[in-house]
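# Reading the structure
Each chain, written out:
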Amino acid sequence: MEFTGEPMGLNMTPERRQIRDAVKGLCDRFDDSYWSEKDTKHEFPHEFHAAMAQAGWLGLTMPEAYGGAGLGVTEAALMMQTVANSAGAISACSTFHINLFGPHPVVLYGTEEQKRRILPPLITGEHKVAFGVTEPDAGLDTTNITTRAVKDGNRYIVNGQKVWTTTAQEADKILLLTRTTPRDKVAKRTEGLTLFYTDLDRRYIEVRAIDKLGRNAVDSNMTFYRDLPVPEEDRIGAEGDGFRLLLDSLNPERILIAAECVGVGRRSLAKAAEYARDRVVFGRPIGKNQAIQHPLAQSWMALEAADLMVWKAASLYDGREPCGAQANAAKYLAADAAFDACDRAVRTHGGFGYAKEYHVERYLREIMLPRIAPVSREMIMCFIAERVLGLPKSY
Ligand SMILES: Cc1cc2nc3c(=O)[nH]c(=O)nc-3n(C[C@H](O)[C@H](O)[C@H](O)COP(=O)(O)OP(=O)(O)OC[C@H]3O[C@@H](n4cnc5c(N)ncnc54)[C@H](O)[C@@H]3O)c2cc1C
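Every value quoted in this text rests on a predicted model; they were computed, and no experiment measured them. (Residues numbered from 1 in each chain as written. Predicted model: local features only at pLDDT ≥ 70, side-chain atom pairs only at ≥ 80, totals over all residues. Heavy atoms only, no water.)

### Quick word on the overall build of the protein chain
Going by this rule: In this text, helices come from DSSP runs of H or I with a minimum length of four residues, and strands from runs of E with a minimum of two, each type numbered from the N-terminal end. With the radius of gyration taken over C-alpha atoms, the globule rule is written as 2.2 Å times the number of residues to the power 0.38. Residue burial is assigned from relative accessible area. The probe radius is 1.4 Å, only protein chains are included, and a residue is buried under 20% of its type maximum, exposed over 50%, and partly exposed in between.
Scanning the protein chain from N- to C-terminus turns up 15 helices and 10 strands. Computed over its C-alpha atoms, the radius of gyration of the protein chain comes to 21 Å, within 12% of the 21 Å expected for a compact globule of 395 residues. Its C-alpha atoms give the protein chain principal-axis dimensions of roughly 80 × 50 × 40 Å. When burial is assessed residue by residue, the protein chain has 53% of its 395 residues classed as buried.

### A word on a nonpolar patch on the surface
Condition: By definition, no residue in a patch forms a salt bridge, and every one has over 30% relative accessible area; like charges are joined within 9 Å, nonpolar side chains (Val, Leu, Ile, Met, Phe, Trp, Tyr) within 5 Å. To be clear on the numbers: accessible area is Shrake-Rupley with a 1.4 Å probe, and residue cover counts the displayed protein chains and nothing else. Only one rule defines a salt bridge in this text: a Lys or Arg side-chain nitrogen within 4 Å of an Asp or Glu carboxyl oxygen.
Among the surface-exposed residues, Val-388, Leu-389 and Leu-391 lie close enough to one another that they form a single nonpolar patch of about 290 Å² accessible area. Among the structural elements, Leu-391 can be located in the segment after helix 15 (377-388). Residue classification places Leu-391 among the partly exposed residues on the basis of a relative accessible area of 44%.

### Topic: the pairing of strand 4 (residues 173-179)
This is how it is decided: Any two strands with at least two DSSP-identified bridges between them are counted as paired.
With 7 of 7 residues buried, strand 4 lies mostly within the body of the structure. Of the two faces of strand 4, both are covered, the one formed by Lys-173, Leu-175, Leu-177 and Arg-179 as well as the one formed by Ile-174, Leu-176 and Thr-178. Summarising the sheet, strand 1 (residues 129-132) and strand 4 pair through 4 bridges and their orientation is parallel. Paired with Phe-131 across the two strands is Leu-175, which belongs to strand 4.

### Observations concerning the site of the ligand
To keep it simple, the criterion reads: Here a residue counts as near a molecule or strand whenever at least one of its heavy atoms sits within 4 Å of it. In protein, a polar contact means a hydrogen-donor-capable atom and an acceptor-capable atom, both N or O and within 3.5 Å, with residues adjacent in sequence counting only if both atoms are side-chain atoms; elsewhere, any N or O pair within 3.5 Å suffices.
Among the 16 residues in the neighbourhood of the ligand, the closest are listed as Phe-131, Thr-134, Trp-164, Ser-376 and Glu-378. Take Thr-134: an N or O atom from its side chain is 2.7 Å from a nitrogen atom of the ligand. Across the complex, the protein chains shield 65% of the 980 Å² of accessible surface that the ligand would expose by itself. Every element with two or more residues in the shell around the ligand is listed here: strand 3 (155-166) and helix 15.

### Comments concerning the environment of Met-381
On the secondary structure map, Met-381 appears in helix 15. Met-381 sits 49 residues away from Tyr-332 along the chain, and the two C-alpha atoms are 8.5 Å apart.

### Some thoughts on the side chain of Lys-331
Stated precisely, the cut-off is as follows: The positive count covers Lys and Arg only, the negative count covers Asp and Glu only, and His and the chain ends enter neither. When checking whether two residues touch, look at their non-hydrogen atoms; a contact exists if any pair is within 4.5 Å.
Examined against the element boundaries, Lys-331 turns out to sit in helix 12 (residues 324-348). One buried charged residue, Lys-331, remains without a salt bridge, the closest side chain of opposite sign being Asp-336 at 7.8 Å. In this view, Lys-331 contacts Arg-254, Ile-257, Ala-258, Pro-370, Arg-371, Ala-373, Pro-374, Val-375 and Ile-380; residues no more than four positions away in its chain are not counted.

### Some points on helix 8 (residues 112-124)
Rules: Every helix has an expected span of 1.5 Å times one less than the residues it contains.
With 13 residues, helix 8 should cover 18 Å at 1.5 Å per step; its first-to-last C-alpha distance of 19 Å lies within 8% of that length. Buried residues of helix 8: Gln-114, Lys-115, Ile-118, Leu-119, Pro-121, Leu-122 and Ile-123, and no others. Tucked into the core, helix 8 has its buried residues touching helix 3 (46-54), helix 6 (97-101), helix 7 (104-109), strand 1, strand 5 (193-199) and strand 8 (235-236). Trailing helix 8 by a residue or two, Gly-125 shows a phi angle of about 85 degrees, which is positive.

### Some thoughts on the state of the cysteines
Short version of the rule: What counts as a disulfide here is a pair of cysteine sulfur atoms lying within 2.5 Å.
Applying the stated criterion across every chain, the model contains 0 disulfides. Not part of a disulfide, Cys-323 finds its nearest cysteine sulfur in Cys-261, a span of 17 Å. Taking the relative accessible area as the measure of exposure, Cys-323 reaches 3% and is therefore buried. Between Cys-342, a free cysteine, and Cys-261, which holds the nearest cysteine sulfur, the sulfur-to-sulfur gap is 8.7 Å.

### Brief notes about the side chain of Asp-234
Looking at the element boundaries, Asp-234 is found in the loop between strand 7 (220-231) and strand 8. You can call Asp-234 buried: its relative accessible area is 7%. At 2.9 Å, the side chain of Asp-234 and the side chain of Arg-117 are in polar contact. Separated by 2.8 Å, the side chains of Asp-234 and Thr-198 make a polar contact. Dropping the residues within four chain positions of it, Asp-234 is found in contact with Gln-114, Arg-117, Leu-195, Phe-196, Tyr-197, Thr-198 and Asp-199.

### Some words on the packing of helix 10 (residues 250-278) against helix 12
Cut-off, in case you're wondering: Convention adopted: a line fitted to C-alpha atoms gives each axis, helices being fitted over their contacting stretch, and angles between N-to-C directions are expressed from 0 to 180 degrees. With respect to orientation, any angle under 35 degrees is reported as roughly parallel, any angle over 145 as roughly antiparallel, any angle of 65 to 115 as roughly perpendicular, and every other angle as oblique. Helix crossings get a hand from a simple test, with the near helix turned counterclockwise from the far one by less than a right angle marking a left-handed crossing and a clockwise turn marking a right-handed one.
Viewed as axis vectors pointing N to C, helix 10 and helix 12 meet at an angle of 20 degrees, and their least axial separation amounts to 7 Å. Here helix 10 is positioned roughly parallel relative to helix 12, judged by the angle of their axes. Classified by chirality, the crossing of helix 12 by helix 10 is left-handed.

### Describing helix 13 (residues 360-367)
Among the 8 residues that make up helix 13, 8 are buried, leaving the element largely enclosed by the rest of the structure. Among the residues of helix 13, those classed as buried are Val-360, Glu-361, Arg-362, Tyr-363, Leu-364, Arg-365, Glu-366 and Ile-367. Looking at the buried positions of helix 13, the neighbouring elements they touch are helix 2 (32-41), helix 5 (89-94), helix 10, helix 12 and helix 14 (369-372).

So, in structure tokens, the structure goes:
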């Protein structure tokens, strides 16, 4: 059995096989040396992004009425797993990951005018959007954000600061969560937050890159908002309702990240197995030693088990059934399994694993991210403890 073959937990219809094969064909044009160079030079992979846009993949989950393909999270996860399994790993996914469920609040709650204005240029790749939620002093406690939007006639004026705003160097638009009513003036702390989709206008927004460990082809930034004027027509949904609007995209987001993790994990494992078969030390291939074999075999099992949870969560979401437990579990299991696979791939390569030439160090640097963001392992365990096991909320 070839271990990078068909997903065991997914019914591979002809349409899904077509998606997988076409995406793989496109991604294979961008090899390890392309991505290594982008990572080293901290350069956005414009060629890759343009190729994905041109082939129509950026609109996979957007409604057909606006130029998208109208497909579900299952197909999106299959696409992202295929992208992540290519040389671009998490970097490649992060160039357009936001397109899949980031604009979901616009799709579900936007006005007809907003959908017509916002969605088509995202699908063609003409517009890139960044996502501004996290703030330095709020962290995972999202309702504690302090970036303020104050109503001024038929516009809002925004002041504040965000952190980790991915692709803000490249983006022309920002999906921005703000506070319109201070937290101490609302009945529930999830109230009083307002969501905007607006221009990333550099006259009022300073974007400062964060120097970081990996995924360096895709930037992440501090963003400072100084008297940013936002027209009322850029508000998504009702004032004060922003937090609720974001909730719908949380589960698909976790499912996509989980699928991406499995893709990167499998790629690293394949490289490790190949190296273990070829590398001869003490007169025999290192892969003949059980101390090399067993961790890799264990990683295969862990990745496949996590993958089953990915497709389970995806089918529940697409079937409009509750999937919080499965989506969170998939993300947790896949991020851990992929991290272990990437770590083992580096160690299987010995000293050469530390050299950029073999690329496994790049995958390891990238795969550290999904255990931290967009939601940490600890928060997932809190969710399972409370929502599945009925234990009291701990924070
Ligand atoms: C490369 C990168 C890209 C990102 N891109 C974006 C983006 O585009 N847009 C955006 O808005 N955000 C983005 N993020 C932010 C990301 O979502 C946050 O880093 C993440 O939500 C964690 O917040 P924090 O880093 O402030 O951690 P903190 O909230 O400070 O938490 C620190 C640690 O403490 C733990 N912890 C906190 N509270 C508890 C508790 N009650 N119980 C147990 N453990 C706890 C957490 O699990 C975590 O391990 C990105 C982050 C990174 C690293």
